[in-house]
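Analysis of the macromolecular model
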Amino acid sequence: MRIGGCHNYRDGLYDWFMIKDNHTDACGGIQPAIERVDVYQRAHGLNLNVTVEVRNLHELQQVLNTGKVTRIMLDNFQLDAMHTAVKMVNKRFETEASGGVTLETLRNIALTGVDYISVGALTHSAQSLDLSLKVLKE
């Protein structure tokens, strides 16, 4: 990815918190999940960035009401909802589009105004390349 000009903004949960849908569900909602990360960081003297994944505009509004995050990941949003979400965030936080990103959808996603676009297919759908070396006798 780096050779192609891309980069990872985090390597794991030790350098940037990522609150995913399972975390939100386990904590009973977006706000409690964000608050628990905030309490954990203060208890351990940390000041790491936080990304929170949202599944819809209702969850997005909860994040906007709570704050305490760096980036909001718009997961599997349709283009019209993504455009609305970017307007709602209004540069208060970074925005990231995730889910359903292909070469065919990339441009339209970028035109919504999101700050970042993540592509999981780079890792979970990569094809192998046969680099075997065959020796031929003449």
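One can find the structure itself at the top, above this paragraph.
From a predicted model like this one, the values you see are computed outputs, not experimental measurements. Throughout this description, residue numbers start from 1 for each chain and increase along the sequence as written. Where totals are concerned, whole chains, interfaces and linings use all residues; where local detail is concerned, this predicted model gives features only for residues with pLDDT of at least 70, and gives and counts side-chain atom pairs only at 80 or more. Side-chain metrics in this entry use all non-hydrogen atoms of the structure; hydrogen atoms and water are not considered.

Right, let's talk about the packing of helix H3 (residues 57-66) against helix H4 (residues 79-89) for a bit. Between the N-to-C directions of two axes lies an angle of 0 to 180 degrees, each axis being a line fitted to C-alpha atoms and, for a helix, fitted only over the stretch in contact. The secondary structure listing takes helices from DSSP runs of H or I that are at least 4 residues long and strands from runs of E that are at least 2 residues long, numbered from the N terminus. At a closest axis distance of 11 Å, the pairing of H3 and H4 adopts a crossing angle of 15°. Classified by the angle between their axes, H3 and H4 sit roughly parallel to one another. The crossing of H3 and H4 is right-handed. From H3, Leu57, Leu60, Gln61 and Leu64 reach across to H4, where they touch Ala81, Thr84, Ala85, Met88 and Val89. Looking at the contact of H3 with H4 residue by residue, the class counts come to seven nonpolar, two polar and no charged. Convention used here: angles under 35 degrees read as roughly parallel, angles over 145 as roughly antiparallel, angles from 65 to 115 as roughly perpendicular, and any remaining angle as oblique. By the definition used in this description, the sense in which the near helix is turned from the far one sets the handedness, with an anticlockwise turn below a right angle giving left-handed and a clockwise turn giving right-handed. Contacts are residue-level and defined by heavy atoms, with any inter-residue pair within 4.5 Å sufficient. In this classification, the charged set is Asp, Glu, Lys and Arg, the nonpolar set is Ala, Val, Leu, Ile, Met, Phe, Trp, Tyr, Cys and Pro, and all remaining amino acids, among them Gly, are polar.

Each residue is placed in one exposure class: buried if its accessible area under a 1.4 Å probe, protein chains only, is under 20% of its type's maximum, exposed if it is over 50%, and partly exposed if it falls in between. With five of its five residues buried, strand E2 (residues 50-54) lies for the most part within the structure. A two-sided burial pattern is seen for E2, the buried positions comprising Val50, Val52 and Val54 on one face and Thr51 and Glu53 on the other. For two strands to pair, DSSP has to find at least two bridges joining them. Summarising the sheet, strand E1 (residues 17-19) and E2 pair through three bridges and their orientation is parallel. Across the sheet, the residue bridging to Met18 is Thr51, located in E2. Inspection of the sheet shows E2 paired to strand E3 (residues 71-75) by four bridges, in the parallel sense. Bridge assignment links Thr51 to a residue of E3, and that residue is Arg71. As for the winding sense of the linkage, the β-α-β connection from E2 through H3 to E3 is right-handed. Crossover handedness is defined by viewing with both strands directed away from the observer: a clockwise path from the first strand over the helix to the second marks the crossover as right-handed.

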